[in-house]
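# Descriptive structure summary
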Amino acid sequence: QSVACKEGGYCTLGFQGCEPGSDADCAASNNCKSFGACTVTDWGSCEPGSDADCAASFVCAEMGACTNANGWCAPASDADCLHATICKKDGMCTYSAAQMTCKAASDADCAGSEGCLVEGACSYDGWGCTPGSDADCATSSGCADAGACGLVNGMCHATSDADCQASLACSQ
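Residues numbered from 1 in each chain as written. Predicted model: local features only at pLDDT ≥ 70, side-chain atom pairs only at ≥ 80, totals over all residues. Heavy atoms only, no water.

The helix and strand inventory of the protein chain stands at 13 helices and twelve strands. Relative to the 2.2 N^0.38 estimate, which gives 16 Å for 172 residues, the radius of gyration of the protein chain is 22 Å and therefore markedly larger than a compact globule would have. For the protein chain, the spread of C-alpha atoms along the three principal axes comes to 75 × 35 × 20 Å. Within the span of the protein chain, comprising 172 residues, buried residues form 37% of the whole. Expressed as a percentage of contacts within the protein chain between residues at least 6 apart in sequence, the contacts between residues at least 24 apart total 19%. (Helix = DSSP H or I, 4+ residues; strand = E, 2+ residues; numbered from the N terminus. Rg over C-alpha atoms; globule rule 2.2 N^0.38 Å. Buried < 20%, exposed > 50% of the residue type's maximum accessible area, 1.4 Å probe, protein only. Contact = heavy atoms within 4.5 Å.)

Shown next, in the form of structure tokens:
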């Protein structure tokens, strides 16, 4: 099987060489699994043909791009974003219609993320999630593991001997 067939669904001989000859060609391609490009178009390429194509793709699971937006997958609601890895990891849980993307938009988005639990990135700063206070740092695993319990220049760092001594790194 050629790379063009495996990656893009170009598996059937057409007028100008290999092209997607059916939805089955597209559906078997890596571009279907990755980007929702599971439906053959009238002009001989594969693209998302439905919300279902997008919903089953990697870009939906990772980036919230779960809705067909005229031939490409994009987020279209908070619900699309809330189920995505970028929400769980980075707090990018709110849909932005202006940017057609998922983004962090509040302290609540950030507080539920892995970034908050691990790095203290629990506060929304207008751009994304970041440590915003000593309290954000103190509740992170970075505090427990390495003593990074205080906020210094926008990042969690050890700020005292007591921070270091209370950490797992010190006790091991």
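Attention now moves to the state of the cysteines. Using the criterion set out here, one finds eleven disulfides in the structure. Put simply, Cys81 and Cys102 are joined by a disulfide, and their sulfur atoms are 2.1 Å apart. Around the S-S axis, the bridge from Cys81 to Cys102 shows a dihedral of about -90 degrees and counts as left-handed. Here Cys81 is found in helix H6 (residues 78-82), whereas its partner Cys102 is found in strand E8 (residues 101-103), with 21 residues between them in sequence. (Disulfide = S-S within 2.5 Å.)

Our focus in this paragraph is unusual backbone geometry. Residues other than glycine seldom take positive phi values, yet Asn70 does so here, at roughly 55 degrees. You will see that Met100, though not glycine, has its phi angle at about 50 degrees, which is positive.

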